[in-house]
Every structure is written in structure tokens, then in C-alpha cells.
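Per-entry structural report
If you want the building blocks of each chain, they are given just below.
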Amino acid sequence: MTEIRKLDRETRASIAAGEVIRRPENVVTELVENAIDAGADRIEVAVDGDGTDRVSVTDDGRGIPAEAAPLALERHATSKIRDAEDLPRAETLGFRGEALPSVATAAGRLELTTNAGDDPEGVRVVADDGDRTVETAGHPPGTTVEVTDLFADRPARKKALASAATEFGRVSDAVTRYALANPDVRFRLAHDGRETFATPGTGYTDAVLGIYDRTVAARSTTFDHEATLTVDGAERPVRIDGLLAYPSVTRTRPSHVYTGVNGRGLVEETLRAAVVDGYGTLLPDGRYPVAAVSVSLPPALVDQNVHPAKRDVEFRDPAVVADAVESAVRDALATGDLRRSGDLAMDLEAALAPLSDDESAFADVDVLGQFRGLYLLCAAGDDLLVVDQHAAHERVNYERLRAAVGDVESRPVDPPETVTLSPAGAAAVEERAGALADLGFEVEPFGGATVRLTAAPAPLGRVADADAFRDAVDTLREGDDPEDVRDDLLKDLACHPSLKAGDELTDEEATQLVERLGACEQPYACPHGRPTVLSIDEETLVRGFERSHARLGE
Ligand code: ADP
Ligand code: MG
């Protein structure tokens with residue numbers, strides 16, 4: 001790291017268009033990146049209201065020498081690169097020298113207070129509506145940047161913002177991304193003076209414990225994987241590490257798969273997809289894992305200079321990196337038990353063809369028996385049907401629920417269950433309490449991101465549980481079209497009270513379930529799109545047993 005200097009014209013020309021501050025989240029991201037670049041071990045983020053009121057980020061990094069501090073607010077002034085030649089080598093998250101001046105311009109006031117550690121006193125630089133002042137000020141080694149009245153002079157930007165809860169949810173997601181991409185740094189996020197989460201800087205498991213809860217942290221494994229990538233003919237080292245929740249902990253959305261590259265928390269689909277692919281058949285269809293995966297690789301293999309807000313990076317060879325991530329995840333999950341259940345699912349899929357729509361319904365189907373508490377074996381004419389009782393029950397429940405919308409019966413959860421959500425989840429609950437109530441969920445705030453679930457939908461005989469509620473909250477956060485959101489919620493609800501693996505059914509129940517399934521509008525798939533019924537036609541058995549076709553003639 002060198003002193004802060006202005007980049008020359010030529011270098012400026014080779015750098016992608018600068019930071020765009022569209023919402024408080026962008027301010028937080030830039031300030032957190034600066035703190036990470038400063039080598040901080042501890043980063044504290046505080047947000048008031050929707051973030052336009054106040055954002056403050058404090059770090060214990062190396063600070064800025066007093067005489068250089070005013071330069072930090074100048075456009076194209078950076079200590080991170082000297083010229084365009086440094087660009088592909090830069091290991092820092094910033095390099096354009098544009099964030100602080102952009103934020104200062106967008107905000108009513110920006111105060112930078114910093115201490116480079118060699119002086120008992122620090123310095124404060126204030127940018128207030130274009131005026132700059134510099135004064136001495138007390139600050140422990142490190143830096144605090146406080147931004148107030150964001151977009152005070154930009155009514156259009158301010159108007160484009162969502163509610164305080166949603167904007168804070170975005171901030172919270174961003175801090176979560178960086179906390180998981182930097183598990184050895186202590187992070188703390190506060191909203192309106194209340195701590196929403198904190199990580200202790202002691203690795204992935206503790207970070208996930210701080211952000212999620214004990215259930216996720218306890219049912220997970222960490223991994224650390226080194227590999228060599230061949231890119232453009234050269235061999236390069238890559239390190240892939242992180243935390244993977246077991247396949248028994250799943251979510252309805254992929255947003256709980258966090259990925260980072262060289263300390264940057266990404267919003268990016270390639271790596272996320274690679275992580276999900278690494279789980280492969282261990283995940284039920286339509287379900288996603290909870291995971292935090294970081295990739296560290298030489299700066300030459302990744303171009304950070306593509307996205308103005310740097311939420312994305314461009315790999316020199318994305319396929320090679322994705323493959324490495326996928327196999328690192330697969331290897332990490334390849335413990336005996338997990339692997340075996342995965343193989344089983346694959347074999348079944350390969351051996352049995354799903355029943356298609358134009359074949360008959362189940363009017364004259366005989367249930368022969370139950371297999372392993374999971375499947376119903378049925379005779380249907382010349383075919384042997386295998387019904388996935390859980391998937392079948394989901395379909396039946398879903399169609400019943402869909403018919404009952406607007407009139408979903410709710411039952412008290414007694415005693416109420418406390419549920420700890422992610423901060424963004426808590427924001428969604430506050431925002432969309434009405435939509436949750438329509439579906440039969442009633443909650444009370446219980447401090448921070450914790451709520452008490454006092455009533456839950458019970459149209460199916462069994463009361464939906466805290467997991468169903470968690471899934472509903474996730475769906476609320478991410479659906480756009482209210483109709484879609486409602487449909488997704490119904491699907492999730494239908495799933496939760498449904499028969500679980502190992503549930504014993506009486507003959508009568510089994511027959512009923514198959515009959516009900518046959519009466520469904522779409523009996524051949526569960527609401528998430530997995531098949532409910534597989535059929536083995538007699539032809540398959542004939543071939544399998546190496547019999548000739550003429551059965552009677554043998
Ligand atoms: P960039 O990060 O692209 O260099 P910024 O405008 O974000 O540009 O910051 C300008 C300069 O101010 C940085 O290069 C760095 O030297 C200094 N700086 C900013 N924030 C911090 C911080 N939290 N700790 C130490 N130095 C900082
Ligand atoms: Mg920066």
C-alpha cells in the first residue's frame with residue numbers, strides 16, 4: 001500500500017465507469033470494502049432508518065495519515081494502484097479512488113475520522129454540501145466514516161427507494177455477504193441502535209451461528225480445498241473454502257448460498273449454481289442449500305473492473321472456476337451416508353420412467369403395499385406403479401389449500417415458538433405481516449430479528465411448524481408478482497404438513513391417498529415439479545428377467 005495519489009488521465013481512462021450510489025446499500029458496501037482493504041479485524045456498521053438518515057462504518061484498520069486524509073475525498077485519488085499496469089495485479093477491493101467522493105457528493109454530509117496509529121490524536125475531514133473542513137479529532141487507530149442525509153438534494157433517487165425495512169434488508173444482506181466472505185473479520189450490524197447480528201471473526205461456523213442460528217450451524221460441515229487451475233496454459237493455485245449445511249437443512253430459494261471471491265461478497269449466479277450443483281442429488285428438487293463458499297485466486301484470473309458497483313466479477317475462465325467449486329463442494333459432502341442416499345436417488349431415476357399425463361388416472365389401481373415407509377407399490381393393469389407418498393400428499397394438500405385460499409384456518413401455536421430470522425427476513429415479516437396473516441401465520445416481535453410464532457395455518461390436520469414459517473418468509477422476500485408469491489407460499493405450506501419419510505400408512509389410508517391423488521387436477525407432479533408416480537411397465541420386467549414375450553408359452 002502506498003500513499004494516496006491522484007491517478008493520471010490515461011489510467012482513469014482504462015478503469016470502468018465509477019461507483020454509482022443508488023441506495024444506502026451501495027454506501028455500506030463501499031465503506032465496508034475500504035475497511036477490509038485497510039486490513040481491519042473488526043468492522044462495525046450502524047444504520048438509522050432506511051439508511052438515508054445515517055450510515056456509519058467503523059474499523060480498526062491501518063487508518064490514513066493526517067496529512068493525507070483530505071486527499072481521500074478527492075476524485076480519482078487512491079492508495080491502491082499507481083497506474084493501469086497495477087490494475088490486473090491489484091489485490092484490493094477498491095482501486096478507482098471514486099467511492100468516497102461519490103458518496104460525499106450524494107450525501108448531505110460525510111465525516112471521515114481516522115487515525116493511522118502513530119499519533120495519539122486523529123483527524124476529521126468533513127464534507128458538508130461542498131464545503132471541506134479539517135480538524136484534529138480523537139479516534140483510536142482505524143477509521144470511521146459517517147454519512148448523513150443521503151440524497152438530500154436528489155429527490156428522484158430518494159423517491160426510488162423502497163420502505164425502510166426493505167432498504168435495511170438490502171444493507172443487511174450486503175453486510176452478511178461480506179461477513180461470510182471474510183469469516184476471520186469481526187462484523188457487527190446495528191439498526192436504529194439495536195444490534196441485528198454480529199460475527200466473532202473466528203471462522204465460518206461461528207459466523208453462520210451469528211447470522212443464522214444453532215440449527216444451521218450445528219448441521220453443517222466446513223471444508224478447505226486447494227486445487228490447481230489451468231488457465232490460458234498456465235497452472236494457477238486456487239483455494240476454495242467455506243461452510244456447507246447438510247442436505248437436511250434446505251431452503252426454497254437459492255439466496256442462502258453465499259459466495260465470495262477474494263473477500264468480495266458477490267451477487268452472482270455462476271458460483272452459486274456451482275455450489276448447488278455440488279450438492280447434486282442430495283437435494284430434493286426445488287430446494288436449495290444454505291452455504292457460504294469463498295474462492296481465493298490470483299488477481300490475474302479475475303477481472304474486478306467490470307461492474308460499476310462491483311457486485312460481480314468476471315473470471316478469465318468461468319467454467320474452470322465453476323468446475324473447481326462444484327467438485328470441492330461434492331468432495332466435502334461425500335461422507336458415506338450422504339453419498340449413499342444420493343446414489344440411491346440417481347439409480348431410481350435412471351431405472352424408472354415417470355408416468356406421463358396422457359396415461360390413465362388411478363380409478364382401478366390396487367395398492368399392493370408400502371415399501372420402506374416411503375413408497376406405495378400399486379398394480380395398475382399391466383403396470384407396476386410406485387407412488388412417492390410424500391410427493392403425492394404434497395400434491396393433494398396443495399390443491400386443497402389452493403381451493404381454500406382466503407379462508408385458511410389458523411390454529412394457535414401453544415406455547416408460541418420463538419423463531420430467529422435473518423435481519424432481512426425480519427424486515428420482510430414486518431413489511432408483509434398482512435400477507436402472512438392471510439395465510440394463517442400470526443407473529444409478535446420478540447426483539448431484534450427474533451419473532452414469536454403464535455398461530456400457524458392448520459388446514460391439513462397438522463399445524464405447520466417454524467420451518468414452514470421460515471420458508472414462507474423467504475418466499476415473501478423474493479417473489480415479485482403477489483400471485484406468484486402466494487402460489488409459492490401455498491406450495492411450501494403444502495409440503496410441510498405432508499407425510500414424512502417413514503410414516504406408516506394403513507391399507508385404507510394408502511388407498512385413499514392414491515385415489516385422492518388421482519382426483520387431482522395435475523396428479524403426476526408434486527407442487528415443486530417432482531414426479532409423484534413412476535411406472536414400470538411389464539415390458540421392463542420381461543426384459544429384466546430375460547423372459548420371452550410369450551408369457552403363457554413358457
Ligand atoms: P479506493 O478504495 O478505490 O482507493 P476510495 O474513494 O474508496 O477509493 O478511498 C480513497 C482512499 O482513501 C483509499 O485508497 C484509501 O487510501 C483511503 N481510505 C478510504 N477508506 C479507508 C479506511 N477505512 N481505512 C484506511 N484508508 C481508507
Ligand atoms: Mg474504496
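Counting of residues starts from 1 at the beginning of each chain's written sequence and follows it residue by residue. By the order in which they are written, chains take letters starting at A while ligands take numbers starting at 1. Only residues with pLDDT of at least 70 get local features here, since the model is predicted, and only at 80 or more are side-chain atom pairs given and counted; chain-wide, interface and lining totals rely on the full set of residues. Note that the side-chain values use all heavy atoms of the structure and ignore hydrogens as well as water.

1. Here's the deal with helix α5 (residues 164-181)
Here a helix means four or more residues in a row that DSSP labels H or I, a strand means two or more in a row labelled E, and each is numbered from the N terminus. Here a helix's expected span is defined as the number of its residues, less one, multiplied by 1.5 Å. The terminal C-alpha atoms of α5 lie 26 Å apart, and with 18 residues this matches the ideal 26 Å at 1.5 Å per residue to within 8%. The buried label goes to any residue with under 20% of its type's maximum accessible area, the exposed label to any with over 50%, and the partly exposed label to all in between, with areas taken from a 1.4 Å probe on protein chains only. Counting buried residues along α5, 14 of its 18 residues qualify, which places the element largely inside the surrounding structure.

2. So, the site of ligand 1
Of all residues adjacent to ligand 1, which total 20 residues, the nearest are Asn 34, Thr 78, Ser 79, Lys 80 and Gly 97. Side-chain polar atom of Thr 143 to a nitrogen atom of ligand 1: 3.3 Å apart, as the coordinates give it. In short, Shrake-Rupley with a 1.4 Å probe defines the accessible areas, and a residue's cover is counted only from the protein chains shown. When the free accessible area of ligand 1 is taken as 530 Å², the share hidden by the protein chains comes to 95%. Of all the secondary-structure elements, those providing two or more residues to the shell around ligand 1 are β4 (77-78) and α3 (99-106). When residues in the shell around ligand 1 are grouped by element, the largest group, 3 residues, is from α3. Near, as used in this document, describes a residue that has one of its heavy atoms within 4 Å of the molecule or strand being considered. Polar contact is the term for a pair of N or O atoms within 3.5 Å; when the atoms are in protein, one must be able to donate a hydrogen and the other to accept it, and sequence-neighboring residues count only if both atoms are side-chain atoms.

3. Some words on empty space enclosed by the protein
A cavity here means a set of points on a 1 Å grid, drawn over the protein atoms and nothing else, where a 1.4 Å probe fits but cannot get out; a pocket is an open set with protein on both sides within 12 Å along at least five of seven lines, and a residue lines either one if it has an atom within 4 Å of a point. Grid points are joined across faces, edges and corners, and a volume is the space filled by probe spheres set on the points. This structure, assessed with the given rule, holds 4 cavities of 30 Å³ or more. In this structure, the largest cavity encloses a volume near 120 Å³. What lines the largest cavity is simply Tyr 212, Asp 213, Arg 251, His 256, Thr 420, Leu 421, Ser 422, Gly 425, Arg 470, Val 473, Asp 474 and Arg 477. Ranked by residue count, the leading element in the lining of the largest cavity is helix α14 (residues 466-478), at 4 residues. The residue makeup of the lining of the largest cavity, split by class, is 3 nonpolar, 4 polar and 5 charged. Each residue gets one of three labels, nonpolar for Ala, Val, Leu, Ile, Met, Phe, Trp, Tyr, Cys and Pro, charged for Asp, Glu, Lys and Arg, and polar for the others, Gly among them.

4. Details of unusual backbone geometry
Backbone geometry places His 76, a non-glycine residue, at a positive phi of 60°. Of note, His 76 is situated in the loop between β3 (54-59) and β4. Phi at Phe 151 is positive, roughly 65°, even though this residue is not glycine. You can see Phe 151 is positioned in the loop between β8 (142-150) and α4 (155-159). A residue is classified by how much of its surface remains accessible, and Phe 151, at 1% relative accessible area, is buried.

5. What about the pattern of salt bridges?
By salt bridge we mean one thing: a side-chain nitrogen of Lys or Arg within 4 Å of a carboxyl oxygen of Asp or Glu. Scanning all chains against the criterion turns up 22 salt bridges. Between Glu 33 and Arg 264 there is a salt bridge, with the nearest N and O atoms lying 3.0 Å from each other. Of this pair, Glu 33 sits in helix α2 (residues 24-37) while Arg 264 is found in strand β15 (residues 264-265), placing the two residues 231 residues apart along the sequence. Judged by its relative accessible area of 1%, Glu 33 is buried. Two residues, Arg 124 and Glu 111, come together in a salt bridge whose shortest N-O distance is 3.4 Å. With Arg 124 in strand β6 (residues 122-128) and Glu 111 in strand β5 (residues 107-115), this residue pair connects regions lying 13 residues apart in the sequence.

6. Some details on the packing of helix α8 (residues 269-279) against helix α9 (residues 318-333)
Contact geometry of α8 with α9 gives a least axis separation of 7 Å together with a crossing angle of 35°. Judged by the twist between their axes, the crossing of α8 over α9 is right-handed. Mapping the contact onto sequence places Thr 270, Leu 271, Ala 274, Val 275, Asp 277, Gly 278 and Tyr 279 in α8 and Val 321, Ala 322, Val 325, Glu 326, Val 329, Arg 330 and Leu 333 in α9. Split into classes, the residues belonging to the contact of α8 with α9 amount to 9 nonpolar, 2 polar and 3 charged. Helix axes are fitted to C-alpha atoms over the stretch in contact, other axes to C-alpha atoms as well, and angles between N-to-C directions run from 0 to 180 degrees. By convention the crossing between two helices is left-handed if the near helix lies anticlockwise of the far one by an angle smaller than a right angle, and right-handed if it lies clockwise. Only heavy atoms matter for contacts: two residues are in contact if any of them lie within 4.5 Å across the pair.

7. Topic: the confidence of the model for the chain
Note on scores: pLDDT gives the predictor's confidence for each residue, bounded by 0 and 100. Counting all residues, the mean pLDDT for the chain is 83, and 86% of those residues have values of 70 or more. Across residues 336-360 the pLDDT falls below 50, and counting only partners more than four positions away or on other chains, this stretch makes 32 contacts in the model.

8. Things to note about the nonpolar core
To qualify as a nonpolar core, a set must consist of buried Ala, Val, Leu, Ile, Met, Phe, Trp, Tyr and Cys residues joined through side-chain atoms within 4.5 Å. Ile 43, Val 45, Leu 112, Val 147 and Phe 187 are the most contacted members of the largest nonpolar core, which has 59 residues in total. Residues from two domains meet in this core; each of domain 1 (5-201) and domain 2 (214-335) gives at least three. Among all residues touching Leu 112, those that are not within four sequence positions of it are Ile 64, Ala 69, Ala 72, Leu 100, Val 123, Arg 124, Val 125, Thr 143, Thr 144 and Val 145. In this structure, Leu 266, Phe 315, Val 321 and Val 325 belong to the second largest nonpolar core, which totals 31 residues. Boundaries between domains were set according to an automatic or database domain assignment.

9. Details of the side chain of Asp 241
Within the secondary structure, Asp 241 is located in strand β12 (residues 234-245). Take Asp 241: its relative accessible area is 11%, and that puts it in the buried class. Here the side chain of Asp 241 touches Arg 239 through a polar contact of 3.3 Å, side chain to side chain. Among residues more than four places away in sequence, those in contact with Asp 241 are Tyr 204, Phe 223, Asp 224, Ala 292, Val 293 and Ser 294.

10. Some points on the environment of Glu 235
Structurally, Glu 235 can be placed in strand β12. For Glu 235, the residues in contact, after removing those within four places along its chain, are Thr 228, Leu 229 and Thr 230.

11. Quick notes on the environment of Ala 379
Looking at where Ala 379 falls in the secondary structure, it is placed in strand β22 (residues 375-380). Considered as a pair, Ala 379 and Phe 362 are 17 residues apart in the sequence and their alpha carbons are 9.9 Å apart. Look past the residues within four positions of Ala 379 in its chain and what remains in contact with it is Asp 364, Val 365, Asp 366 and Leu 368.

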